[in-house]
Amino acid sequence: MYSLEVNNHIERINQIVHHGVMVPDIDPAVASSWGRCVNDYGLDPESSRLPPVLTHAERIARSEQKRVLITEAKHEMNILYQQLADPELAVVLVDTDGCILHMVAADHLENDLSGLGLRLGAIWSEEEVGTNGMGTCLVVGEPIAIRQTDHFLFKHILLTCSAVPVMDHTGKTIAVLDVTSRSSLLQQHSLVLIGMTARMIENRLLTVNCKHAHPVHFHSRPESINTVHDGKLMVEEDGTIVAANQSALFQLGFPSMQELRRYRFDEIFQLTLESLLQRSMQSSFHPVPIYRAGASSRFFAVAQLPPAGSTTLTFHTAPSKPASLPAQEKAPESANSPARTSRQGSTPCVELGDRFLREQFELAQRVVSKGVPILLYGETGSGKEVLSRAVHDRSPRRDGPFVAVNCASLPESLIESELFGYRAGAFTGAQRQGRSGKILQAHGGTLLLDEIGDMPLALQARLLRVLDERKVTPLGADASVDVDIQLISASHRNLTDLVARGEFREDLYYRLNGVEIRLPPLRDRQDKHQLIEAILQEEAGKPMELSEQVLKVLMQYVWPGNLRQMRHALRTMAVLADGTTIGLEHLPGPLADLHAQPAANSTAPAGLTDCMTMEDEHEPVNPLQESERITLIQLLETHRWNISDVARTLGVSRNTLYRKLHRHNITLSTQGSATSM
Ligand SMILES: Nc1ncnc2c1ncn2[C@@H]1O[C@H](COP(=O)(O)OP(=O)(O)OP(=O)(O)O)[C@@H](O)[C@H]1O
């Protein structure tokens, strides 16, 4: 049976490659790829050879080289994984050599894929492994789907891959984002989401790679600003356009970045960057109309301050120099000073309709004015960074920088240089001019150390020294530098548990814990309805309505990814809905499944992969059961959905734990682990 299938596969390839027969169900791009596999790379469809894998040292060097790409992609890949909500798929990022840089997948799938050689550091170029989503996408430079028997190697025919190139601002492919699945079903909606994710990664890279330029977002429809569809330009203070996304080139009708770069901002639009910045600030960063120079086309645009903060333009627009400005273009008063507005403008305001949260926020504000360190607890995506920024913006240090570092998203080898900085030539691969670390960058302002529980023990000792001595010594430097920071540490894990297990220093724990602030998970917030309305408005950029049934689903859902998950679900719905009403047909992944589940059935639906419970609104919930359910979810979060660890912590067998999860209607399937080099 097996050899019959192999023979059929080889026969199909031969028919096309050697006899030029066109088989109707074969995509011409796949046929060309098979031709390359045979004629150019000399591959054998029956081969069981695994792809080459980088050595440990090569992987470290590659991860340093691709650090920015990996860091920016990770965040979006996690969200995509949650949205696709299928435990049988993996989200994978490869570089232009086809080398796997980062992967998000459930543990069981990761193990299975590793047997096929699909793992970190492996090279999945077309040349090495034949026709496959990642490698073939790199060759054709376009989105591509490779379904099962489209693969060249017979051993890959159970896989289905969809891959989309990630491009830099010049339109050059710098990576491929791929979803590899063991299911033959490839939903159209998945392809749309992968494409959107690739665009989000590109936009993030644009910002971090041009930190000193002003982001300008524009579109012909104001509601499309700050969505994945808007045009984005990075503009220097003198009006030079240093980078643009693909949508910007398309909307302005430039074939390439080289062409666009010949013009200054004011030569393309009928106003200067400075003037657009003032108007944006006056309108609280709502889109303002601007016109294409020499044409009647109208766009809506918003200019922002550079992500790196400093700019002389902001001082030009400060209240001390308004004399030359037209009356309606005067800069806002000092309470709304540009630097402050930019920071607030880029983050959502904290919604304080929840009484518990309001009390916690007030407590944080009181202690921060006295310089007391804050330890902030909250589940992932519950808004720890947003709240920290809000606290900073209302603190005496509000005119200083706010610097956030996520200790969990940095490879262990990079945390030290990222936090403490290094002097020139401190180690191989270091930037020639050295780099000031995040601690020093936060001097005079606030430093948020997110996921502090993930900080390696050796670095905890160094951090403790900095907090005690208020001095930092960059790597490779002899002298230390004075530093003055307000510290906020955040964690979704209980630090006292980590202390008890010897994974976190007790002395550091007491040093960080001046006061403990708790951020409630979204499912427990009283202002869930207000949040849904506010975030939908922000994401859609225009008035949109939710149908009654959709609102009910959103209110019932448990939101394991909290506000982050809610924001992305609302963003997807706003994009998928053509009109102004969002209906059940626009619900993404797990939410659609929640709706599809018949109310009487208490078992989680097949394919429902996020952790969720589905309780009928009208059925009284036993408080004991409810608290057991919440405890289970929190433990799962704490242990990153590792069943063995949770079972061990509770002192029960895995089977007992599975039964409990089943009883509470908690399913595990999409809680994948993420790995990167
Ligand atoms: N009060 C809020 N109103 C609207 N959106 C919010 C609010 N708080 C957080 N968000 C959104 O939720 C997402 C996650 O927020 P944030 O990064 O602050 O969470 P976090 O708890 O720090 O996450 P992590 O645990 O992953 O570090 C962001 O997209 C943010 O825009």
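As recorded in an unreviewed UniProt entry, the protein goes by the name Putative acetoin catabolism regulatory protein AcoR, listed as coming from Advenella mimigardefordensis.

### Description of the overall build of the protein
Assigned secondary structure in the protein consists of 28 helices and 22 strands. In the protein, buried positions account for 52% of the 677 residues. Pairs at least 24 apart in sequence give 65% of the contacts found in the protein among residues at least 6 apart. Of the roughly 29800 Å² that the protein leaves accessible, carbon and sulfur atoms contribute 50%.

### Quick look at the environment of Phe504
Its location among the elements puts Phe504 in the loop between helix H20 (495-500) and helix H21 (506-512). Along the primary structure Phe504 and Gln460 are separated by 44 residues, whereas in three dimensions their C-alpha atoms are 7.8 Å apart. Those residues in contact with Phe504 that lie beyond four places of it in its chain are Ile452, Gly453, Leu457, Gln460, Leu495, Leu498, Val499, Tyr509 and Leu512.

### Points about the nonpolar core
Counting residues in hydrophobic clusters, the biggest one holds 32 residues, and the most contacted among them are Trp34, Val92, Ile100, Leu113, Leu118, Trp124 and Phe152. Elements represented by at least two residues in this core include exactly helix H1 (2-17), helix H2 (28-40), strand E1 (89-95), strand E2 (100-105), helix H5 (107-115), helix H7 (133-140) and strand E3 (144-147). Examining the composition of this core, we find that four residues originate from one element, H2, more than from any other. Setting aside chain neighbours within four positions, we find Leu118 in contact with Val92, Ile100, Met103, Leu113, Trp124, Met134 and Thr180. If you look at the next biggest cluster of nonpolar residues, it comprises 30 residues, including Ile439, Val472, Leu508 and Tyr509.

### Examining the site of the ligand
Around the ligand sit 20 residues in total, of which Lys384, Glu385, Val386, Asp450 and Arg567 are the nearest. A distance of 2.9 Å is found between an oxygen atom of the ligand and a backbone nitrogen or oxygen belonging to Val386. Between Arg564 and the ligand, the recorded distance is 3.0 Å, taken from a side-chain N or O atom to an oxygen atom. Relative to its free-state accessible area of 630 Å², the ligand is covered by the protein chains to the extent of 88%. Of the residues that make up the shell around the ligand, three or more belong to each of domain 3 (355-519) and domain 4 (521-596).

### Structural notes on the sheet that holds strand E11 (residues 374-377)
A sheet is described by the order of its strands in space; here five strands give the open sequence E12-E15-E18-E11-E19, paired in parallel fashion. Looking at which strands have only one partner, the edges of the open sheet turn out to be strand E12 (402-406) and strand E19 (515-518). Along the sheet, successive strands turn relative to each other by an average axial angle of 20°, direction set aside. Bridge count between E11 and E19: four bridges; the pairing is parallel. Looking at the pairing, Leu376 lines up with Ile517 of E19.

### Digging into the side chain of Glu72
Structurally, Glu72 can be placed in helix H4 (residues 67-84). Discounting residues that sit within four places of it in the chain, Glu72 has contacts with Arg204, Leu205 and Val208.

### A look at the packing of aromatic side chains
Counted according to the given criterion, the structure contains seven aromatic pairs. When the centroid spacing of 5.2 Å and the interplanar angle of 45° are considered together, the rings of Phe265 and Phe269 count as tilted. An aromatic cluster of three or more residues is present, and its members are Phe218, Phe265, Phe269 and Phe299. Sitting over the ring of Phe420, Arg462 keeps its end group 4.1 Å from the ring centre.

### So, the packing of helix H22 (residues 528-540) against helix H23 (residues 548-556)
At their nearest, the axes of H22 and H23 sit 10 Å apart, and the two run at 120° to each other. Comparing their axes, H23 and H22 come out oblique. Between H22 and H23 lies a crossing whose hand is right-handed. Where H22 abuts H23, its residues Lys528, His529 and Ile532 lie against Leu551, Leu554 and Met555. Classifying every residue of the contact of H22 with H23 gives four nonpolar, one polar and one charged.

### Comments concerning the confidence of the model for the protein
Summarising the model, the protein shows a mean pLDDT of 80, and 81% of its residues fall at 70 or more. A low-confidence stretch, residues 597-623 stays under pLDDT 50, and its non-local contacts, those more than four residues away or across chains, total 65 contacts.

### Some remarks on the pattern of salt bridges
Two side chains of opposite charge can pair, provided their charged atoms sit close to one another. One pass over the full model with this rule turns up 28 salt bridges. Asp97 is paired through a salt bridge with Arg62; the nearest N and O atoms lie 2.9 Å apart. Placement of Asp97 in the loop between E1 and E2 and of Arg62 in helix H3 (residues 56-65) is noted, with a sequence separation of 35 residues between them. Exposure remark for Asp97: the relative accessible area of 41% places this residue in the partly exposed category. Measuring nitrogen to oxygen at the nearest pair gives 2.8 Å for the salt bridge that ties Asp484 to Arg397. In this pair, Asp484 sits in the loop between strand E17 (481-482) and strand E18 (486-491) while Arg397 sits in the loop between helix H16 (384-393) and E12, placing the two residues 87 residues apart along the sequence. The class for Asp484 is partly exposed, based on a relative accessible area of 34%.

### Concerning the side chain of Ser280
In this structure, Ser280 sits in helix H12 (residues 273-282). Classification of Ser280 by relative accessible area gives buried; the value is 0%. A distance of 2.9 Å separates the side chain of Ser280 from the backbone nitrogen of Ala303, its partner in a polar contact. Apart from residues no more than four positions distant in its own chain, Ser280 is found in contact with Phe285, His286, Ala301, Val302 and Ala303.

### Description of the sheet that holds strand E8 (residues 241-244)
Adjacent strands of a sheet pair through backbone hydrogen bonds, lying either parallel or antiparallel. Overall, antiparallel pairing links the five strands, which are arranged E8-E7-E6-E10-E9 in an open sheet. Bordering the open sheet on either side are E8 and strand E9 (288-291), each of which pairs with just one other strand. Strand-to-strand twist of the sheet, defined as the mean angle between neighbouring strand axes without regard to direction, takes the value 35°. In this sheet, strand E10 (residues 298-303) lies alongside E9 in antiparallel orientation, the contact comprising four bridges. Bridge assignment links Val288 to a residue of E10, and that residue is Ala301. Together, strand E6 (214-219), strand E7 (231-235), E9 and E10 form the strand contacts of H12, whose direction differs from that of E10 by roughly 80°.

### Some details on the environment of Phe402
Tracing the backbone through its elements, the reader meets Phe402 in strand E12. As for Phe402 and Gln441, which are separated by 39 residues in sequence, their C-alpha atoms are 8.7 Å apart.

The rules behind the values
Within every chain, residues take consecutive numbers counted from 1 along the sequence as written. Residues qualify for local features only when their pLDDT is at least 70, as the model is predicted, and side-chain atom pairs are given and counted only at 80 or more; totals for whole chains, interfaces and linings, by contrast, use all residues. Excluding hydrogens and water, the side-chain figures rest on all heavy atoms present in the structure. Helix and strand definitions follow DSSP, with helices as H or I runs of at least four residues and strands as E runs of at least two, each counted in order from the N terminus. Partly exposed residues are those whose accessible area sits between 20% and 50% of the maximum for their type, while under 20% is buried and over 50% is exposed, using a 1.4 Å probe and protein chains only. Whether two residues touch is decided by their heavy atoms; if any such pair falls within 4.5 Å, the residues are in contact. Here the accessible surface of atoms and residues is derived via Shrake-Rupley with a 1.4 Å probe, and residues count as covered only by protein chains that are part of the display. Within this scheme, the nonpolar core is defined by two criteria: the residues are buried Ala, Val, Leu, Ile, Met, Phe, Trp, Tyr or Cys, and they are joined through side-chain atoms within 4.5 Å. The criterion for a residue being near a molecule or strand is simple. One of its heavy atoms has to lie within 4 Å of it. Pairing of N or O atoms within 3.5 Å defines a polar contact, subject to two protein rules: one partner must be a possible hydrogen donor and the other a possible acceptor, and residues neighboring in sequence count only if both atoms are side-chain atoms. Here the limits of each domain have been adopted from an automatic or database domain assignment. Paired strands, in this sense, are two strands between which DSSP finds at least two bridges. All axes are obtained by fitting lines to C-alpha atoms, using only the stretch in contact for helices, and the reported angles, taken between N-to-C directions, cover 0 to 180 degrees. When the centres of two rings from Phe, Tyr and Trp lie within 6.5 Å, Trp using its six-membered ring, the rings pair. Their planes under 30 degrees apart give stacked, over 60 give edge-to-face, and anything left gives tilted. Whether a charge sits over a ring depends on NZ of Lys or CZ of Arg being within 6 Å of the ring centre and within 35 degrees of the ring normal. Should an angle fall under 35 degrees it is called roughly parallel, over 145 degrees roughly antiparallel, and 65 to 115 degrees roughly perpendicular, with every other angle called oblique. Working rule for handedness: look at the near helix, and if it is turned counterclockwise from the far one by less than a right angle, call the crossing left-handed; if clockwise, right-handed. Polarity classes work like this: nonpolar for Ala, Val, Leu, Ile, Met, Phe, Trp, Tyr, Cys and Pro, charged for Asp, Glu, Lys and Arg, and polar for all others, with Gly in that last group. The predictor reports its confidence for every residue as pLDDT, a score running from 0 up to 100. When a carboxyl oxygen of Asp or Glu is within 4 Å of a side-chain nitrogen of Lys or Arg, the pair counts as a salt bridge.

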